[in-house]
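Below are the chains, spelled out letter by letter.
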Amino acid sequence: MASIIESAWTYLISNFSDFQLTCLGGFVLHESVFFLSGLPFILFERAGWFGKYKIQKKNNSPEAQEKCITRLLMYHLCVNLPILLGSYPVFKFMGTRSSLPLPSWKVISTQIIFYFILEDFVFYWGHRILHTKWLYKHVHSVHHEYATPFGLTSEYAHPAEILFLGFATIIGPAITGPHLITLYLWVSLRVLETVEAHSGYHFPWSPSNFLPLYGGADFHDYHHRLLYTKSGNYSSTFVYMDWIFGTDKGYRKLKSLKENERFEAVGKEM
């Protein structure tokens, strides 16, 4: 497996420049992972598939879904891509490289775990700031136009928010100066995580059922369906920051009530 990956990477660095791989390659990778993982949730909602796993019974209209896709394409092409192209000197300053040898899986996994932990910490505080009155009204309210989120709404946001919270994603790599393949993997996993958190579905195979500290769709869906002043659940990936600072009390209370109702219903059936 390692030799296959190394051969494929050798082909890439032999046929494309470092700039092309870092900026254009990064953009193509992001768009591919984002839309391929996010579009199925629109299909699920329109077709009514997996209805019993849908967190909210309300569906978005086709017009609302199409508006989201149109805006995303505009933001990605007119905001994200130019920023990525202009950030190449920053990536080089960070120490990002594409040359061989490739880093070991131990190095890659250690760095990515560090990125997730740091990103979650920075995102939590940035997200809380965006829920202050002025910033919510003028910036973050764009993201909350969708009280019933679906996968692609994860990146539906004001351009200022894209820049503001994008800092949380890049700060880890800025500290460690990773190999480009590590950066590719980090971006892919971060996109998959945020799409899942906004999916609107809680499946038996959802990561939150297996990873104790992982928030997931049920945790973040609560954040979207409440008023901005009372929502809580500000973390991006994990749940411990909200637990430590008490910003998940409403969610925990609601979850406890639902559990009690479920137990009472089972007792009546018996």
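An unreviewed UniProt entry lists the protein under the name Methylsterol monooxygenase 2-2 isoform X2, with Nicotiana tabacum given as the organism. Taken from UniProt, the Subcellular location (unreviewed entry) comment for the protein reads in full: "Membrane". Listed in UniProt under the heading Sequence similarities (unreviewed entry), the comment for the protein reads: "Belongs to the sterol desaturase family."

### Structural notes on the pattern of salt bridges
Working definition: two side chains of opposite charge can pair if their charged atoms are close together. Per the stated rule, a full pass over the model turns up 8 salt bridges. Ionic pairing is found between D221 and R225, a salt bridge with its closest N-O pair at 2.9 Å. With a shortest N-O distance of 3.0 Å, D248 and R252 are connected by a salt bridge. When salt bridges that share partners are traced, they join E119, R190 and E193 into one network.

### Here's the deal with the nonpolar core
If you look at the biggest cluster of nonpolar residues, it comprises 19 residues, and the most contacted ones within it are I112, L180 and W186. If one sorts the elements of this core by residue count, helix α8 (residues 180-197) sits on top with 5 residues. Filtering out sequence-adjacent residues up to four positions away, L180 remains in contact with W9, L21, T22, T96, R97 and S98.

### As for the packing of aromatic side chains
Enumeration over the complete set of coordinates arrives at 26 aromatic pairs. With a centroid separation of 5.6 Å and 85° between ring planes, the pair formed by F41 and F44 is classed as edge-to-face. Taken together, the residues span about one helical turn, with F41 and F44 both in helix α2 (residues 18-47) at a distance of 3 residues. Like F44, F41 is buried. Here the basic side chain of R190 rests over the ring of F123, its NZ or CZ set 5.7 Å away from the ring centre.

### Quick look at the packing of helix α3 (residues 62-86) against helix α7 (residues 159-176)
It is at 11 Å that the axes of α3 and α7 come closest, and there the two elements cross at 35°. Our pair here, α3 against α7, has a crossing hand that is right-handed. Along the contact surface, α3 presents Y75, V79, N80 and I83, while α7 presents P159, I162 and L163. Residue composition of the contact of α3 with α7, by class: 6 nonpolar, 1 polar and no charged.

### Remarks on the packing of α2 against α3
Running from N to C, α2 and α3 point in directions that differ by 170°, and their axes come no closer than 11 Å. When the axis of α2 is compared with that of α3, the two are roughly antiparallel.

### Thoughts on the environment of F44
With relative accessibility at 15%, the residue F44 sits in the buried group. Taking the C-alpha atoms as reference points, F44 and M241, separated by 197 residues in sequence, lie 32 Å from one another. Aside from chain neighbours lying at most four places away, what touches F44 is W49, F50, Y201 and F203.

### Regarding α7
Over its 18 residues, α7 runs 27 Å from end to end, which matches the ideal 26 Å to within 8%, given 1.5 Å per residue. In α7, a bend of some 40° at I170 exceeds every other bend along the element, and P173, a proline, comes one to four places later. Within the sequence span of α7, burial applies to E161, L165, A168, I171, G172 and P173. Taken together, the buried residues of α7 touch α4 (88-94), α5 (105-130) and α8. Directly beyond the C-terminal end of α7, a positive phi value near 60° is found at G177.

### Structural notes on unusual backbone geometry
Across the chain, the bulk of peptide bonds are trans and the bulk of non-glycine residues have phi less than zero. The residue after L100, namely P101, is reached through a cis peptide bond having omega 0°. On the secondary structure map, P101 appears in the loop between α4 and α5. Here the phi dihedral of F50 falls at roughly 55°; this positive angle occurs in a residue that is not glycine. Structurally, the position occupied by F50 is in the loop between α2 and α3. Classification of F50 by relative accessible area gives partly exposed; the value is 35%. Of note, the phi angle at N233 is positive, near 50°, even though the residue is not glycine.

So, how was this worked out
Residues numbered from 1 in each chain as written. Predicted model: local features only at pLDDT ≥ 70, side-chain atom pairs only at ≥ 80, totals over all residues. Heavy atoms only, no water. UniProt positions renumbered as here; feature names shortened; annotations may be inferred. Salt bridge = Lys/Arg side-chain N within 4 Å of Asp/Glu carboxyl O. Core = buried A, V, L, I, M, F, W, Y, C linked by side-chain atoms within 4.5 Å. Buried < 20%, exposed > 50% of the residue type's maximum accessible area, 1.4 Å probe, protein only. Helix = DSSP H or I, 4+ residues; strand = E, 2+ residues; numbered from the N terminus. Contact = heavy atoms within 4.5 Å. Phe/Tyr/Trp six-rings, centres within 6.5 Å; stacked < 30°, edge-to-face > 60°. Lys NZ or Arg CZ within 6 Å of the ring centre and 35° of its normal. Axes fitted to C-alpha atoms, helices over the stretch in contact; angles between N-to-C directions. Left-handed = near helix turned anticlockwise from the far one by under 90°. Nonpolar A, V, L, I, M, F, W, Y, C, P; charged D, E, K, R; others polar. Parallel < 35°, antiparallel > 145°, perpendicular 65-115°, else oblique. Expected span 1.5 Å × (residues − 1). Bend = angle between axes of the 7 residues up to and from the residue.

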